[in-house]
Amino acid sequence: MKLLGAASVVLTGAAGSARHEIKPGAIVTIRDHINFTGINPLLNQSDPDRYVDLSRGYDSELRERFHVAANEIGRKVPEAVYFLMSGPSFETSAEVNAARTFGADIIGMSVVPEMLIARHLGLRVLAVAIVTNFAAGLSEEPISRDHIARVIVATMGSFSRVLMRFCEIWRLNAQMG
């Protein structure tokens, strides 16, 4: 995308909620992340530019535009700290408790490596997640791929409308500025 002239990227993913107040079906913007997995696509690179400043990794202006779009569509979109798990298994209750202790709001298995590459390339990043379930220990309901898929399908219409409105706002701002 960078080679084609892109200056920004929108990353999307699914995540489990580590907080009771963020319910399945919520759409959240990611304002920061915690990565204790050791997974970093820049790890074995010899490029001296691999040392990327992540203090503003998730672009606040793009998040604000997404929130405006969501408000116009009638969706409240909270911000969250994303905790990266390597997967493919779902987290344990103890891992969820540890993630919450570190300040995580949602837990997932993607987004972070893609964000690291995007920031390495100099792209601005908006990351958005659909909350598909409560993380282990927060609900009696077992976590399953079928349940996650049902929540994604049920949320996709609203998510698509917000994303389309976000793109319209983004394009209008680009034309004006």
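Residues numbered from 1 in each chain as written. Predicted model: local features only at pLDDT ≥ 70, side-chain atom pairs only at ≥ 80, totals over all residues. Heavy atoms only, no water.

1. Overview of the nonpolar core
In terms of nonpolar packing, the biggest core is built from 22 residues, with Val 28, Ile 30, Tyr 82, Ile 106 and Val 125 touching the most fellow members. Looking at this core, the elements with two or more residues in it are strand S1 (8–17), strand S2 (27–35), strand S3 (79–84), helix H3 (112–120) and strand S5 (124–134). Beyond its immediate stretch of four places on either side in the chain, Val 28 contacts Ile 22, Val 77, Pro 78, Ala 80, Ile 106, Ala 127, Val 128, Ala 129 and Val 131. (Core = buried A, V, L, I, M, F, W, Y, C linked by side-chain atoms within 4.5 Å. Buried < 20%, exposed > 50% of the residue type's maximum accessible area, 1.4 Å probe, protein only. Helix = DSSP H or I, 4+ residues; strand = E, 2+ residues; numbered from the N terminus. Contact = heavy atoms within 4.5 Å.)

2. Concerning the pairing of S1
Burial within S1 is extensive, with seven of its 10 residues counted as buried. In this structure, S1 lies alongside S5, joined through 10 bridges in parallel fashion. When the sheet's bridge partners are listed, Val 9 is paired in S5 with Val 125. (Pairing = 2+ DSSP bridges.)

3. Details of the layout of surface pockets
Taken as a whole, the largest pocket holds about 280 Å³ of empty space. Along the wall of the largest pocket there are 17 residues; nearest its centre are Ala 14, Phe 90, Met 109, Thr 132 and Ile 148. Partitioned by chemical class, the residues of the lining of the largest pocket number 10 nonpolar, five polar and two charged. (1 Å grid on protein atoms, 1.4 Å probe; cavity = no way out; pocket = protein on both sides within 12 Å on 5 of 7 lines; lining within 4 Å. Points joined across faces, edges and corners; volume = space filled by probe spheres on them. Nonpolar A, V, L, I, M, F, W, Y, C, P; charged D, E, K, R; others polar.)

4. Quick word on the side chain of Asp 59
Note on placement: Asp 59 falls in the loop between S2 and helix H1 (60–73). A relative accessible area of 15% means that Asp 59 is categorised as buried. A polar atom in the side chain of Asp 59 sits 2.9 Å from the backbone nitrogen of Leu 62. The contacts of Asp 59, once residues within four sequence positions are left out, are Arg 124 and Val 125. (Polar contact = N/O pair within 3.5 Å; in protein donor to acceptor, adjacent residues only side chain to side chain.)

5. Here we look at the packing of aromatic side chains
Under the definition given, this model contains four aromatic pairs. Aromatic pair Phe 36 and Phe 83: ring centres 6.3 Å apart, planes at 80 degrees, arrangement edge-to-face. On the criterion of sequence distance, the pair formed by Phe 36 in the loop between S2 and H1 and Phe 83 in strand S3 is long-range, its members being 47 residues apart. Judged by centre distance (5.8 Å) and plane angle (55 degrees), the rings of Phe 66 and Phe 166 are tilted. Here Phe 166 lies in helix H4 (residues 145–176) and Phe 66 lies in helix H1, a separation of 100 residues in the sequence. (Phe/Tyr/Trp six-rings, centres within 6.5 Å; stacked < 30°, edge-to-face > 60°.)

6. Here we look at the environment of Asn 173
Turning to its location among the elements, Asn 173 is positioned in helix H4. Here Asn 173 falls in the partly exposed class, since its relative accessible area comes to 30%.

7. Some details on H3
Along H3, the residues classified as buried are Val 112, Pro 113, Met 115, Leu 116 and Ala 118. Tucked inside the fold, the buried residues of H3 contact S1, S2, S3 and S5. Positive phi appears at Gly 122, one or two residues downstream of H3, with a value of about 85 degrees.

8. Comments concerning the pattern of salt bridges
Applying the stated rule across the entire model yields seven salt bridges. Two residues, Asp 59 and Arg 124, come together in a salt bridge whose shortest N-O distance is 2.8 Å. With Asp 59 in the loop between S2 and H1 and Arg 124 in strand S5, this residue pair connects regions lying 65 residues apart in the sequence. Residues Arg 165 and Glu 72 are paired through a salt bridge, measuring 2.4 Å at the closest nitrogen-oxygen approach. One end of the pair, Arg 165, is in helix H4; the other, Glu 72, is in helix H1, and 93 residues separate them in sequence. What emerges from the salt-bridge pattern is a single network uniting Asp 59, Glu 61, Arg 65 and Arg 124. (Salt bridge = Lys/Arg side-chain N within 4 Å of Asp/Glu carboxyl O.)

9. Let's talk about the side chain of His 67
In this structure, His 67 sits in helix H1. Among all residues touching His 67, those that are not within four sequence positions of it are Thr 29, Val 77, Pro 78 and Glu 79.

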